[in-house]
Amino acid sequence: MGRHTWRRSLKWSLATSALLLLAAQFVPVARTNPPLGIEVDAPPEVMSVLKRSCYDCHSNETRWPWYSRIAPASWLAAKDVREGREAVNYSTWGRYDSEERAELQRETWEDVEEGEMPLRIYTLMHPDARLSQTDRTVLRDWGLQSGYVEEDDRDSMGELDDKDP
Ligand code: HEC
């Protein structure tokens, strides 16, 4: 390929990309905040961590950020919020039965402990949402109070009991 043809095709692909990006802005994105239900009932220090670091994806009180207005970032943000609310929604805690509440309370800590939550892409854009050591301790204490026992734990506890003389 000659130098000039190469340049021309580069110009074309840049122009096409710009057009596609422009067109992408017209794809509708649902930035919703559905009605609030019975909210999670946790001590104030837990609530303040959840609200600061988790509520944008796990509540119906999402503060939609500026980049959620620009495609394709808007699509990713909307997807995280949709899937986040499906996984656990602290705004509609009353919809879970007591076992589900205990399990989610426990998972809230486990996901933080494993470093899975808050999502890294989010803390990159929201440095305030990073968890301090104190925040982690607050979530741990709450998570461990859940009284939730996993299926596996129940089994192994049973085994231990059996072996006990
Ligand atoms: C940027 C959005 C976002 C933020 C912020 C966020 N999460 Fe999530 N969370 C998700 C998504 C998406 C999922 C579902 C997919 C997955 O598990 O990765 C999820 C899943 C979960 C789950 C369920 C996991 C399971 O096994 O079902 C828990 C619990 C959770 N998050 C807790 C938290 C906590 C606690 C925080 C704050 C410290 C937090 N998340 C912050 C997006 C987010």
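Data block above holds the structure.
Heads up: these notes are all about the structure in this document.

Calculation criteria
- Residues numbered from 1 in each chain as written.
- Predicted model: local features only at pLDDT ≥ 70, side-chain atom pairs only at ≥ 80, totals over all residues.
- Helix = DSSP H or I, 4+ residues; strand = E, 2+ residues; numbered from the N terminus.
- Rg over C-alpha atoms; globule rule 2.2 N^0.38 Å.
- Buried ≥ 20, exposed ≤ 12 C-beta atoms within 10 Å, placed from the backbone.
- Contact = placed C-beta atoms within 7 Å.
- Axes fitted to C-alpha atoms, helices over the stretch in contact; angles between N-to-C directions.
- Parallel < 35°, antiparallel > 145°, perpendicular 65-115°, else oblique.
- Left-handed = near helix turned anticlockwise from the far one by under 90°.
- Nonpolar A, V, L, I, M, F, W, Y, C, P; charged D, E, K, R; others polar.
- Near = placed C-beta within 6 Å.
- Core = buried A, V, L, I, M, F, W, Y, C linked by C-beta atoms within 7 Å.
- Expected span 1.5 Å × (residues − 1).
- Arc of directions from axis to C-beta.

1. Some remarks on the overall build of the protein
So, point 1. Each helix and strand in the protein was counted, giving 8 helices and 0 strands.
So, point 2. In the protein, the succession of helices and strands from N to C terminus is α-α-α-α-α-α-α-α.
So, point 3. Over its C-alpha atoms the protein spans a radius of gyration of 23 Å, topping by over 25% the 15 Å that the globule rule assigns to 165 residues.
So, point 4. Each principal axis of the C-alpha atoms in the protein carries an extent, and together these give about 85 × 40 × 30 Å.
So, point 5. Taken across its 165 residues, the protein has 19% of its residues classed as buried.
So, point 6. Pairs at least 24 residues apart make up 82% of the contacts formed inside the protein by residues separated by at least 6 positions.

2. Thoughts on the packing of helix α2 (residues 44–53) against helix α7 (residues 133–144)
So, point 1. Orientation of α2 relative to α7, taken along the N-to-C sense of each, is 120 degrees, at an axis distance of 9 Å. As summarised for this structure, α2 and α7 are arranged oblique, according to the angle between their axes. The chirality of how α2 crosses α7 is left-handed. Side by side, α2 and α7 meet where E45, V46 and V49 of the first sit next to D135, V138, L139 and W142 of the second.
So, point 2. Taken together, the residues that form the contact of α2 with α7 break down as 5 nonpolar, no polar and 2 charged.

3. Re the site of the ligand
So, point 1. The environment of the ligand is made up of 19 residues, and the closest members are C54, C57, G84, M117 and Y122.
So, point 2. Of all the secondary-structure elements, those providing two or more residues to the shell around the ligand are α3 (55–58), α4 (73–87) and α5 (98–113).
So, point 3. Counting residues per element, the shell around the ligand draws most heavily on α5, which supplies 5 residues.
So, point 4. For the shell around the ligand, the residue count by class is 10 nonpolar, 4 polar and 5 charged.

4. Focus: the environment of C54
So, point 1. Take C54: it is sitting in the loop between α2 and α3.
So, point 2. Given 23 C-beta atoms within 10 Å, C54 falls into the buried group.
So, point 3. Once the C-alpha coordinates of C54 and V40 are considered, the two residues, 14 residues apart in sequence, prove to be 13 Å apart.

5. A word on unusual backbone geometry
Glycine aside, residues mostly have negative phi angles, and peptide bonds mostly take the trans form.
So, point 1. Following A71, the chain continues to P72 via a peptide bond in cis, the omega torsion being 5 degrees.
So, point 2. Tracing the sequence through the fold places P72 in the loop between α3 and α4.

6. Here we look at the nonpolar core
So, point 1. The biggest cluster of nonpolar side chains holds 18 residues, and the ones touching the most others in it are V46, V49, L50, Y90, V138, L139 and W142.
So, point 2. Elements supplying a minimum of two residues to this core: α2, α3, α4, α5 and α7.
So, point 3. Not counting chain neighbours up to four residues away, the residues in contact with Y90 comprise E39, V40, L50, Y55, H58 and S59.

7. Observations concerning α4
So, point 1. Between its terminal C-alpha atoms α4 stretches 21 Å, which fits the 21 Å expected from 15 residues at 1.5 Å a residue.
So, point 2. Taken together, the buried positions of α4 are occupied by S74, A77, V81 and G84. Each buried residue of α4 lies within a common arc of 100 degrees when the element is viewed along its axis, so the set occupies one face. Facing away from the buried side of α4 by over 90 degrees, the exposed positions are K79, E83 and E86.
So, point 3. Looking at the packing, one finds that the buried side of α4 touches α3.

8. Topic: the packing of α5 against α7
Two numbers describe a pair of packed helices, the interaxial angle and the distance between the axes.
So, point 1. Where α5 contacts α7, the axes come no closer than 7 Å and their chain directions differ by 145 degrees. Handedness of the crossing formed by α5 with α7: left-handed. Facing Q105, R106, T108, W109, E110 and V112 of α5, the residues of α7 in contact are R136, L139, R140, W142, G143 and L144.

9. Overview of α2
So, point 1. Taken together, the buried positions of α2 are V46, V49, L50 and S53. Down the axis of α2, the smallest arc covering the buried residues is 95 degrees, so these residues share one side.
So, point 2. Buried residues along α2 sit in contact with α3 and α7.

Geometric descriptors of this kind do not, in isolation, establish any biological role.
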